[in-house]
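# Survey of secondary and tertiary structure
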Amino acid sequence: MPGASQIFVGFRALGYYSNHIPLQVRYHQKHQEHYVITCVGKAFHTYNCSKLGIVSVSDSHPDSITCMAVDAYLVFTGCRSVIRAFERGRQVKHTYEGHQKDVHLLLPFSNHLISVDMDSVVKIWDIQSQELYLEMTFDNRTFEISALMHPSTYLNKILLGSRQGSMQLWNIRTNKLLHTFDGWGSPITVMEQAPAVDVVAVGMESGQIVVHNIKFDETVLKLYQDWGPITAIGFRTDGPPVMATGSTVGHIALWDLEERRLLAQMREAHGTAVTGMKFLPSEPMMITSAADNSIKEWVLDQSDGSGRLLRMRCGHRAPPNRIRFHGNSGQNILSAGQDSTLQSFSTVHDRHNKNLGQASMKRQQAKKKGIKNDEHKLPSITDFASETTRQSDWDSIVCCHRGHKVASTWNYQKCTMGKHKLENDRWKTQSDMGVEAQAVTITSCGNFCVVAQSSGHVDVYNIQSGIYRGSYGNLKAHNASVRGVAVDGLNQVTVTGAADCLLKFWKFKSKQLLHTLELDSPVSQMVLHRESNMLAVACDDFMVVVVDMETRRVVRRFSGHRNRITDMTFSPDARWLVTSSMDCTVRTWDLPTGSLLDCFLLDAACTSLTMSPTGDFLATAHVDDVGIYLWSNTTLYSHVSLRPLPSTYQPLTIVMPGTRALSDDEDEEDIEEPESANEVPAFKSPDQLSAELITLSLLPDSRWKSLTNLELIKKRNKPKEPPKVPKAAPFFLPTIPGLEIKFAPEEETPKEEPSSKIINLSSLQPQSEFQRLLQGCMDKPDYDTVRNKLRDLGPSAVDMEIRSLAPEGGGSVALMEEFLKFLHHVFTTRQDFELAQAWTGLFLKVHGSVITSEPQLQQQAQQLLSTQESTWQHLQQKFNQSICLINYLKSATL
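Residues numbered from 1 in each chain as written. Predicted model: local features only at pLDDT ≥ 70, side-chain atom pairs only at ≥ 80, totals over all residues. Heavy atoms only, no water.

### Observations regarding the sheet that holds strand 22 (residues 230-235)
If you trace the 4 strands from one edge of the open sheet to the other, you get 22-23-24-25, paired in antiparallel fashion. For this open sheet the edge positions go to strand 22 and strand 25 (261-266), each flanked by a neighbour on one side alone. Ignoring which end each strand starts from, the neighbouring axes of this sheet average 25 degrees apart. The pairing of strand 23 (residues 242-247) with strand 24 (residues 252-256) spans 5 bridges and is antiparallel. Looking at strand 24, one finds that Ala244 is bridged to Leu254. (Pairing = 2+ DSSP bridges. Helix = DSSP H or I, 4+ residues; strand = E, 2+ residues; numbered from the N terminus. Axes fitted to C-alpha atoms, helices over the stretch in contact; angles between N-to-C directions.)

### What to know about the confidence of the model for the protein
Looking at the protein, the pLDDT average stands at 87 and 91% of residues meet or exceed 70. Model confidence for the protein, summarised as mean pLDDT per element, is weakest for helix 1 (residues 363-369) at 62 and strongest for strand 19 (residues 199-204) at 96. Below pLDDT 50 for its whole length, residues 663-679 participates in 15 contacts with residues either more than four positions away or in separate chains. (pLDDT = per-residue confidence, 0-100. Contact = heavy atoms within 4.5 Å.)

### Brief notes about the side chain of Ser18
Within the secondary structure layout, Ser18 lies in the loop between strand 1 (8-14) and strand 2 (24-28). With a relative accessible area of 7%, Ser18 lands in the buried category. Those residues in contact with Ser18, other than ones at most four positions away along the chain, are Thr38, Cys39, Val40, Ser289, Ala290, Asn293, Ser294 and Ile295. (Buried < 20%, exposed > 50% of the residue type's maximum accessible area, 1.4 Å probe, protein only.)

### Quick notes on the pairing of strand 16 (residues 167-171)
Among the 5 residues in strand 16, 5 count as buried, and that is most of the element. Bridge analysis of strand 15 (residues 157-162) against strand 16 gives 5 bridges, and the strand direction is antiparallel. The residue of strand 16 that forms the bridge with Leu160 is Gln168. A loop of 4 residues connects strand 15 with strand 16, the two strands running antiparallel in sequence, and Gly165 in this loop sits at a positive phi of about 100 degrees. Note: strand 16 against strand 17 (residues 176-181), 5 bridges, orientation antiparallel. By the bridge assignment for strand 17, Gln168 is matched with Thr180. Hairpin connection from strand 16 to strand 17: 4 residues lie between these consecutive antiparallel strands, with Asn175 at a positive phi of about 60 degrees.

### Topic: helix 5 (residues 795-803)
If you check which residues of helix 5 are buried, you get Pro795, Val798, Asp799, Glu801 and Ile802. The arc that holds the buried residues of helix 5, viewed along the axis, is 165 degrees, so those residues lie on one side. Among the structural elements, helix 2 (710-717), helix 3 (769-776), helix 4 (783-792), helix 6 (813-829) and helix 7 (833-853) are those in contact with the buried residues of helix 5. (Arc of directions from axis to C-beta.)

### Things to note about the pattern of salt bridges
Under the counting rule described, the total for this entry stands at 25 salt bridges. Put simply, Arg322 and Asp567 hold a salt bridge, and the shortest N to O gap is 3.2 Å. With Arg322 in strand 30 (residues 320-325) and Asp567 in strand 50 (residues 565-570), this residue pair connects regions lying 245 residues apart in the sequence. The two residues Arg322 and Asp567 agree in class, both being buried. (Salt bridge = Lys/Arg side-chain N within 4 Å of Asp/Glu carboxyl O.)

### Re unusual backbone geometry
One non-glycine residue, Ser120, lies in positive phi territory at about 60 degrees. When you line up the elements, Ser120 lands in the loop between strand 11 (112-117) and strand 12 (121-126). On the basis of relative accessibility, which here comes to 1%, the residue Ser120 falls in the buried class. Look at Asn491: it is not a glycine, yet its phi comes out positive at around 55 degrees.

### Notes on helix 7
In this model, helix 7 (21 residues) spans 28 Å end to end at C-alpha, consistent with the 30 Å of a helix rising 1.5 Å per residue. The largest bend in helix 7 comes to about 75 degrees, at His847. By the burial criterion, the buried members of helix 7 are Phe833, Glu834, Leu835, Ala836, Ala838, Trp839, Thr840, Leu842, Phe843, His847, Val850 and Ile851. Each element contacted by the buried residues of helix 7 is listed here: helix 4, helix 5, helix 6 and helix 8 (855-891). (Expected span 1.5 Å × (residues − 1). Bend = angle between axes of the 7 residues up to and from the residue.)

### A look at the packing of aromatic side chains
The final tally for this structure, using the stated rule, is 17 aromatic pairs. A centroid spacing of 5.8 Å and a plane angle of 50 degrees characterise the contact between Tyr96 and Trp125, whose relative ring orientation is tilted. Highlighted residues: Tyr96 in strand 9 (residues 91-97) and Trp125 in strand 12, separated in sequence by 29 residues. Taking relative accessible area as the criterion, Tyr96 reaches 0% and is therefore assigned buried. Trp125 sits in the buried class, given a relative accessible area of 3%. (Phe/Tyr/Trp six-rings, centres within 6.5 Å; stacked < 30°, edge-to-face > 60°.)

Put into structure tokens, the structure is as follows:
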């Protein structure tokens, strides 16, 4: 697509598990297993309940899903005013259109589907025919529908709850209002069928739960929850009369319905409102989801009646600040979110994901008091570094926190926060007001880490022991905030960049200053490619500077971003530098040529990006987005013609990838884009690069090597005796009439006289297409057409055409003379050199006697000889030079 990225194509998104849409549970009769369906924005995921492993991902919707419902066969989703029915959890099977407003409630009802939009318009659809069966309209001022359910055993009846607090029972077959329930003076948020017939649990915005008998219009039980509105209700069906309710603060209450009291509390079950809650039939298992991007499976087997966490799938609750690939396999991405958690996402499968936990100064106290009540919680991680060299021995990750001077360590293999908090003793005697750790790096050996602070200090620590090992500079490394630090691959040189526009190179061990490089603008951040010693420096003037650490000089300057540069990453071979900015662009720069190779726009600005060590994926994180997006590198599996983009290039906004990778026969959008003047045409190599060069045909060797030996090959491959055709037996074997079954003898067929093997030359008189083209060149020379025709023929066909040029083969002396002129033309143009040699050898071998007897053919053959010798001598001279140089390099002592 013109204006889109030529290098990167959207692959899929990571880190999505649930949002505010309630989850759904369905039972698969054939698999005999329960499945959980959760919404993740424009798609929904299907997980099995046995392991919470992802089973399928649906096709993407044009906008966010507003509601979901399931039956035994289909999954129904509402997106804007359109309802879709999915089969197998992926493909759209039915579409229902007719609502004017967004749909927010769905209820499968036998062979029908009931939908409610924001204007309280109720439509009943036939699922298979997609036809509208019934439509009911309500006034939002008197009855705004907020909940919908079907009472068990109530034939053709549905129960509607409203924001006004009242409920109505309708018969959808006769379209009649059967009964109106006055309500309890508070908006209804959720309704759920109890295990007992005629009993319905009603949750309200005031926090009140009413268990009501709708047959007699009597309240059975009233309960009150102090945590605010009721967001979800569920009932156990495995024996104990227990009801569970969810709240907006993430707590879950368990109620004993027999004793009419609170049985237990599950505090901080989720970080936000519990929007989805389902109990598995006849099992003490409860599955919950919330807008904190998590799914949790609980088993209610505690002594107090509460549940313990059995399985969980969770992502970030807040957008990531920094992402980096961990290790050399390119299969794990470390992500530091604004929720102060550090997580690892796998590019292969979700089961390999890890949650390293939330950052805290006192982790043991945080486990006792809970994550929400942690008084020593550290702020969000702004920068981190990881190294796999010694990760099996001690901590391998070091993080900086926003507004905090302490750097924390983490252990990747143990999936927990480390035991060290790296802080210098100077702050015990000096004021640390406003000091924070801004950049960190780990040496390639995995033993040391370097922490740069806003006060200008740069400290070195031993990761294993957490002991302070020295600082750079006499008092400070810089007189301004240090914003970047890097150490080369051999632990020889440390480079620091600060807001004083200086890059300083230090001896890593002795802390001695080696060199100072002054830049035009303050340093914003730095990224080092250790294998090539190339250092990328982002400046406050939106320019990127590339510094060679060997020569300590600026080797490249890239300008083009129009806002603050958020992150940078090198390709594995250090040929590309990919940068992101708050101007919503991602740009790819070519270091050897110093030009812009690729640029594309995104809907949301990219806050961090990283490229896989194997070069197959580019991962990005974006503003107000909890997911991580993978972009595949198309240059690894297809030919991409990369040319520098013009200065007037206008990139287009491309669509973010979904949670499911697109197959080869699918397109993200079928949108016709106008042709752009920025489109770079595909490069096509000419047939002849230069008239001075000798060009080969690149055809297989079998097309020309065996031309002069075809007779020998045919003689060698000739069978010793003709193949015998087996006698065909009839389907019904004939028999002789009689008491005993006897087969009739086969009738002898008369022998045919053998046909003559003498070829009649009169049948060869019509000229072939090749001879007609060659004869046409006598009037108007067009030898390129003749050459292309002869190139397309196989060895046997070429042999036949050349043999037929002689008079005894149906040709003439004039045709033979024209063929010699054709060979002279091919040698002159120096194209298809090996084919011309093979054609010449075959022609001379077959028609040598005819050439010696015809003077005009002798003259043409002499001219062809001189042309062929000059061409071959030129080629042989090049061969001799190359062979001489190779022999010298092999034998000489250098």
